[in-house]
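# Summary of structural features
Okay, here's what each chain looks like letter by letter:
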Amino acid sequence: MTNPHATEALQATAIAGIAGILIAGTVLAHLARRIRQPAVIGEITAGILLGPSLLGLFPGDLTHRLFPDEVRPLLSMVAQLGLLLFMFTVGWELDWTTMRRRKRSVAGVTAGSILTPLLLGFGVAAVIYHNHSQVNGEKVPFTSFALYLGVSMSITAFPVLARILKDNNLSRTKIGALALTSAAFGDALAWCLLAGVVAIVTASGPSGFTDTVWMSAGYGAVMVVVVRPLLARSVAWVSKRGTGVYLATLVTAGLLLSAYTTSKIGIHPIFGAFAFGLVMPRKPQALLEEKMLRPLQHAGELMLPVYFIVTGLSVDVAAMSVTAWGELGLILAAAVTGKLLGAGLPAKSFGLSWRESTGVGVLMNTRGLTELIILGVGLSLGVLDDALFTEMVLMALITTAMTGPLLPYLFPRTRMDLVATPGHAGSILRIPEPAGKNATDLAG
């Protein structure tokens, strides 16, 4: 029988821990902004500092006193909710019409920025596999290991990229539009690849994998054929009667049920939230943004820092060996080269200069929060051990942090080719049409 006093004590500890998380995340996010870095850099750093990498080095085992093992499941639940809300907004903000307007250039940059780092990731996996083939006493199949490493290197975090573009006044340039749109659809493709990898990892043999594939296909069909029309009718009914006050609550319930369904199928809950965002109607846009998107974004912003802390508790920079630092160098070289070549060369083939093409590659090298989500899934599935997880988190931090400082050299203000139509960096729904001498090439 559960001791009610012990339960209350755990809940109180979790509440205090969340308060500390929010304070640390806010302070570090503010400092990150002061040095022209996205807030996510500060929030991820806060998680690492509160973990064994720094706080755990002090006498008294402060990390476990603040975040004891018994409390971490409660923190993980809060983090999971924030993650699901975030994934829903990612799916909702994708706009397939943008892809059609720039289909050639976007398709080229998207494919290159996914496939090149994916293949380089396979190569890195072959080199380091022998050091990470055992996780928690279980042997990790090389196929799962290589696929996971490759997919994690192919990610570009388009929400973080949108903020970087806005902060550097690049959100209304043809380069910014191309990079942001390619990142959005690249992420959509990467999530699909990741779903396949997760199905392979979790399936119990070939028959289990086949069952997961069929159930996933059936789930997708139901979402498109049944759920999407029902959502459209429901939103139209709410819009006609002006009762949008409960919209965010009902949508949250829907995305949680969708996440539960994908979890039972055998793929991660984040895919259910993402898919629910994809099938959610986009019109009437003003109503949905006010009554649905903003409340969910605000709730997610409060809970996501908890995810960074939970992630940081598994990152131990102090325990990295000389071999681990060498592996980090190899991972960084493959990740950066994969994006610079994979995105830059296709951009050059569509008429951009070498400076602009390099800029597209640098922008696509931004990984941020999206990378952490994928790495967290890999850690929970037992594909990544703690050492490799630490290396990959550092790679995500470094590749994201290097974007901002490089942009002023690649795009001096005197050379910026601004688009006349006002735009908004926060959503690819409002990316303007490209203009200038390369507009025809970029439009595809």
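Just so you know, the residues in each chain are numbered from 1, in the order the chain's sequence is written. Note on the predicted model: pLDDT of at least 70 is required for a residue's local features to be given, and 80 or more for side-chain atom pairs to be given and counted; whole-chain, interface and lining totals, by contrast, use all residues. In computing side-chain properties, one takes all heavy atoms of the structure into account and sets aside hydrogens as well as water.

### A word on the overall build of the protein
Threshold: The numbering of helices and of strands both runs from the N terminus, where a helix is a DSSP run of H or I of at least 4 residues and a strand a run of E of at least 2. Exposure classes here rest on a 1.4 Å probe applied to the protein chains alone. A residue is buried below 20% of its type maximum, exposed above 50%, and partly exposed in between. Contacts are assigned to residue pairs with any non-hydrogen atoms lying within 4.5 Å of each other. Where accessible areas are quoted, they stem from the Shrake-Rupley method and a 1.4 Å probe; at the residue level, only the protein chains shown are allowed to cover.
The secondary structure content of the protein amounts to 19 helices and 2 strands. In the protein, which comprises 444 residues, the proportion classed as buried is 52%. Taking contacts inside the protein between residues at least 6 apart in sequence as the whole, the part at least 24 apart equals 82%. Within the structure as shown, the protein displays about 19300 Å² of accessible surface, and the carbon and sulfur contribution to it stands at 66%.

### As for a nonpolar patch on the surface
Definition in use: Patch definition: residues above 30% relative accessible area lacking any salt bridge, with like charges linked at up to 9 Å and the nonpolar side chains Val, Leu, Ile, Met, Phe, Trp and Tyr linked at up to 5 Å. Definition used for salt bridges: Asp or Glu carboxyl oxygen within 4 Å of a side-chain nitrogen of Lys or Arg.
On the surface, a nonpolar cluster with roughly 430 Å² of combined accessible area is contributed by Val 222, Val 224, Val 225, Val 226 and Leu 230. Topologically, Val 226 is positioned in helix 10 (residues 205-241). The class for Val 226 is partly exposed, based on a relative accessible area of 41%.

### Examining the side chain of Asp 385
Rule in force here: Think of a polar contact as two N or O atoms within 3.5 Å of one another; within protein, one of them needs to be a possible hydrogen donor and the other a possible acceptor, and neighboring residues in sequence only count if both atoms come from side chains.
Positionally, Asp 385 belongs in the loop between helix 16 (368-381) and helix 17 (386-401). For Asp 385, the side chain forms a polar contact with the side chain of His 132, separated by 2.9 Å. For Asp 385, the contacting residues outside a window of four places in its chain are Asn 131, His 132, Gln 134, Val 135 and Leu 379.

### Some points on helix 12 (residues 269-279)
Where burial is concerned, most of helix 12 is hidden: 10 out of the 11 residues are buried. Taken as a whole, helix 12 has its buried residues at Pro 269, Ile 270, Phe 271, Gly 272, Ala 273, Phe 274, Ala 275, Phe 276, Gly 277 and Val 279.

### Details of the side chain of Glu 356
Looking at the secondary structure, you find Glu 356 in helix 15 (residues 354-364). Residue classification places Glu 356 among the buried residues on the basis of a relative accessible area of 15%.

### Things to note about the packing of aromatic side chains
Stated formally: In summary, the pairing rule links any two rings of Phe, Tyr or Trp, Trp by its six-membered ring, whose centres are within 6.5 Å, and it sorts them by plane angle into stacked for under 30 degrees, edge-to-face for over 60 and tilted for everything else. Our definition puts a charge over a ring when NZ of Lys or CZ of Arg is within 6 Å of the ring centre and also within 35 degrees of the ring normal.
Here the structure, examined in full by the defined rule, presents 3 aromatic pairs. Here the aromatic rings of Tyr 129 and Phe 142 are separated by 5.2 Å at their centres, their planes lie at 80 degrees, and the arrangement is edge-to-face. Highlighted residues: Tyr 129 in the loop between helix 6 (103-128) and strand 1 (134-135) and Phe 142 in helix 7 (residues 142-153), separated in sequence by 13 residues. The exposure class assigned to Phe 142 is partly exposed, which follows from its relative accessible area of 35%. A cation over a ring is seen here: Lys 348 above Trp 354, with NZ or CZ 5.1 Å from the ring centre.

### Description of the environment of Gly 266
Checked against the element boundaries, Gly 266 lands in the loop between helix 11 (247-265) and helix 12. In this structure Gly 266 touches Val 198, Ala 199 and Thr 202, once residues within four positions along its chain are discounted.

### Section: unusual backbone geometry
Most peptide bonds adopt trans geometry, and most residues besides glycine take a negative phi value. The omega torsion of the bond from Lys 283 to Pro 284 falls at 0 degrees, within 30 degrees of zero and hence cis. Its location among the elements puts Pro 284 in the loop between helix 12 and helix 13 (285-312). The phi torsion at Asn 136 lies on the positive side, around 55 degrees, for a residue other than glycine. Along the chain, Asn 136 turns up in the loop between strand 1 and strand 2 (138-139). For Asn 136, a relative accessible area of 74% puts it in the exposed group.

### Some points on the pattern of salt bridges
Working definition: two side chains of opposite charge can pair if their charged atoms are close together. Tallied over the full model, the rule gives 1 salt bridge. Of the charged contacts in the structure, one is a salt bridge between Glu 290 and Lys 291, with a shortest N-O distance of 4.0 Å. Classification of Glu 290 as partly exposed rests on a relative accessible area of 46%.

### Here's the deal with the packing of helix 9 (residues 174-202) against helix 16
Note the cut-off: Axis angles are defined between N-to-C directions and span 0 to 180 degrees, where every axis is a line fitted to C-alpha atoms and, for a helix, only to the segment in contact. Here the word oblique covers every angle except those under 35 degrees (roughly parallel), over 145 (roughly antiparallel) and from 65 to 115 (roughly perpendicular). Each residue is assigned to one of three groups, with Ala, Val, Leu, Ile, Met, Phe, Trp, Tyr, Cys and Pro labelled nonpolar, Asp, Glu, Lys and Arg labelled charged, and all others, Gly among them, labelled polar.
Relative orientation of the contacting elements helix 9 and helix 16 amounts to 5 degrees, with a least axis distance of 11 Å. On the basis of their axis angle, the class for helix 9 and helix 16 is roughly parallel. In contact with Asp 187, Trp 191, Leu 194, Val 198, Val 201 and Thr 202 of helix 9, helix 16 contributes Thr 370, Ile 373, Ile 374, Val 377 and Leu 381. Looking at side-chain class alone, the contact of helix 9 with helix 16 contains 8 nonpolar, 2 polar and 1 charged residues.

### A few points about the environment of Leu 379
Note on placement: Leu 379 falls in helix 16. When its relative accessible area of 22% is taken as the criterion, Leu 379 is described as partly exposed. Sequence spacing of Leu 379 and Val 135 is 244 residues, and the spatial spacing of their C-alpha atoms is 9.4 Å.

### Thoughts on the packing of helix 14 (residues 322-349) against helix 15
Where we set the bar: Helix crossings get a hand from a simple test, with the near helix turned counterclockwise from the far one by less than a right angle marking a left-handed crossing and a clockwise turn marking a right-handed one.
Look at helix 14 against helix 15: their axes get within 7 Å of each other, and the N-to-C directions meet at 140 degrees. Classified by the angle their axes make, helix 14 and helix 15 are oblique. Helix-helix and strand crossings are classified by hand; for helix 14 and helix 15 the assignment is right-handed. Within the contact between the two elements, helix 14 uses Lys 339, Leu 340, Ala 343, Gly 344, Leu 345, Ala 347 and Lys 348 and helix 15 uses Trp 354, Ser 357, Thr 358, Val 360, Gly 361, Val 362 and Met 364. A class-by-class count of the residues in the contact of helix 14 with helix 15 yields 8 nonpolar, 4 polar and 2 charged.

### A look at the confidence of the model for the protein
Keep in mind that low pLDDT regions are not for reading the predicted coordinates in detail. What counts, and what does not: Residue-level confidence of the predictor is summarised by pLDDT, bounded by 0 at the bottom and 100 at the top.
Per-residue confidence for the protein averages 79 on the pLDDT scale, and 85% of its residues sit at or above 70. Confidence, expressed as mean pLDDT per element, reaches its minimum in the protein at helix 19 (residues 439-443) with 33 and its maximum at helix 14 with 92.

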